[in-house]
Amino acid sequence: MEVFPLNYLRNSFSPKLSFKNRNYLKIWQMILLILVLTGCLLMPISISLGQINQVTLIDYVPKAMNLVSEELVQEINQLSFNEQTLLITEEQILMDNDEGLLALYTEEVDLPVAKDFIIFTPNSFYIQEVDRPLISQPYRSVERLASVNSTESLIQELSQQWFESNRMAVVLTNFINVWVLIFLSTLMVILGSSLFISFMRFSDIFSIKSYREAIHLSLHSMLIPTLIAAVVGLLTQNPTTMLTLQGIAFVLVLLWVYWKTHFRDEYILKQEEKEKHNIINSGEKLVETQSQHQRNKR
């Protein structure tokens, strides 16, 4: 139990041990523990991300998607198709102004650079919002595209075809964003609370004498809240709920440690001596009771 990480697990489930053993972790072990705690919270989120089966391009190119109009829907409805090709027989510019460009071209053309646009060609559609990456998507189902009957269904279909081709990238991007959010949140809670706890070194009342000791205490106090938040995350799959619950539970665990230790080594020592004294007294009373019982039998 004195080997890392077994010593960390043992200390984290005992408020007295988490306070008494507050200066044994190396820097690389602290970093590893923060990453592991982050990983525990990521597990339920990873399950949720793996179940994503649709997205909307409104989240990625909202201004460009505002160009979608009923006129565009009607023009697409009137098109014939052959396998994965839209049969666009004539060029149509449905919109070309300061807001953007909305067009159907009979062949591949040079795309404008400094303008929002949605362009359909026989084999692909292109969506661009200024200062954002160009979306270039070959049709995955022209039959589904040609059957849309409203602006909402067209946006949904364009989003679905793009997602089907970019599922891995979308999931990975979301995973990285959530990882950064959870990692920074966990790191800020640990470092921030450690800074607050470390102020106790300026008082002779408390036994914490350095920022390093405060970080040890925070890392020990973070394990139980993280495990609770991870279990709740499996049920809710909501990062905000998980982080909120983790923060509340973390404060409660720190209060539990304070209640058991008062953040003073002397207090722990007195409590241990009192417990030993009670055990000795209980043993003596037990022996005396047994002796009295034997005398009564005689």
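Residues numbered from 1 in each chain as written. Predicted model: local features only at pLDDT ≥ 70, side-chain atom pairs only at ≥ 80, totals over all residues. Heavy atoms only, no water.

Here we look at the domain arrangement of the protein chain
Then comes step 1: Domain assignment breaks the protein chain into domain 1 (5-51 + 171-278) and domain 2 (57-165).
Then comes step 2: The C-alpha centroid of domain 2 is placed 50 Å from the C-alpha centroid of domain 1. (Domains from an automatic or database assignment.)

Quick look at the packing of helix α3 (residues 27-50) against helix α9 (residues 239-261)
Then comes step 1: The geometry of α3 relative to α9 is characterised by a closest axis approach of 11 Å and an angle of 155° between their N-to-C directions. Classed by the angle they form, the pair α3 and α9 counts as roughly antiparallel. Every pair of crossing elements has a handedness; the one defined by α3 and α9 is right-handed. Taken together, the residues of α9 that come into contact with α3 (itself represented by Leu 41, Pro 44 and Ile 45) are Pro 239, Met 242, Leu 243 and Gln 246.
Then comes step 2: Class assignment of the residues belonging to the contact of α3 with α9 gives a composition of 6 nonpolar, 1 polar and no charged. (Axes fitted to C-alpha atoms, helices over the stretch in contact; angles between N-to-C directions. Helix = DSSP H or I, 4+ residues; strand = E, 2+ residues; numbered from the N terminus. Parallel < 35°, antiparallel > 145°, perpendicular 65-115°, else oblique. Left-handed = near helix turned anticlockwise from the far one by under 90°. Contact = heavy atoms within 4.5 Å. Nonpolar A, V, L, I, M, F, W, Y, C, P; charged D, E, K, R; others polar.)

Re the sheet that holds strand β3 (residues 92-96)
Then comes step 1: Ordered in space as β3-β4-β5-β6-β7, the 5 strands form an open sheet in which the pairing is mixed. Edge positions in the sheet fall to β3 and β7 (135-138), since each of these pairs with one other strand and no more. Taken pair by pair, the neighbouring strands of this sheet meet at an average axis angle of 5°, ignoring direction.
Then comes step 2: Inspection of the sheet shows strand β5 (residues 117-120) paired to strand β6 (residues 124-128) by 4 bridges, in the antiparallel sense. Opposite Phe 117, over in β6, you have Gln 128 as the bridge partner. (Pairing = 2+ DSSP bridges.)

Re the packing of aromatic side chains
Then comes step 1: Inspection of every chain in the model, using the stated rule, returns 7 aromatic pairs.
Then comes step 2: Their ring planes at 45° and their centres at 6.2 Å tell us that Phe 120 and Phe 125 sit as a pair that is tilted.
Then comes step 3: Taken together through their ring pairs, the aromatic side chains of Phe 19, Tyr 258 and Phe 263 make up a single cluster.
Then comes step 4: Directly above the ring of Phe 19 sits Arg 22, whose terminal nitrogen or CZ lies 4.2 Å from the centroid. (Phe/Tyr/Trp six-rings, centres within 6.5 Å; stacked < 30°, edge-to-face > 60°. Lys NZ or Arg CZ within 6 Å of the ring centre and 35° of its normal.)

Thoughts on the pattern of salt bridges
Then comes step 1: Inspection of every chain in the model, using the stated rule, returns 7 salt bridges.
Then comes step 2: Salt-bridge contacts for Glu 213 lead to Arg 22; the nearest nitrogen and oxygen are separated by 3.0 Å. Placement of Glu 213 in helix α8 (residues 211-236) and of Arg 22 in the loop between α2 (15-20) and α3 is noted, with a sequence separation of 191 residues between them.
Then comes step 3: Exposure remark for Glu 213: the relative accessible area of 12% places this residue in the buried category.
Then comes step 4: Measuring nitrogen to oxygen at the nearest pair gives 2.9 Å for the salt bridge that ties Glu 157 to Arg 144. With Glu 157 in helix α7 (residues 151-198) and Arg 144 in helix α6 (residues 142-146), the pair connects residues that are 13 residues apart, well separated along the chain.
Then comes step 5: Of the residues examined, Glu 157 reaches a relative accessible area of 10% and is grouped as buried.
Then comes step 6: Overlapping salt bridges bring together Arg 140, Arg 144, Glu 157 and Glu 164 as one network. (Salt bridge = Lys/Arg side-chain N within 4 Å of Asp/Glu carboxyl O. Buried < 20%, exposed > 50% of the residue type's maximum accessible area, 1.4 Å probe, protein only.)

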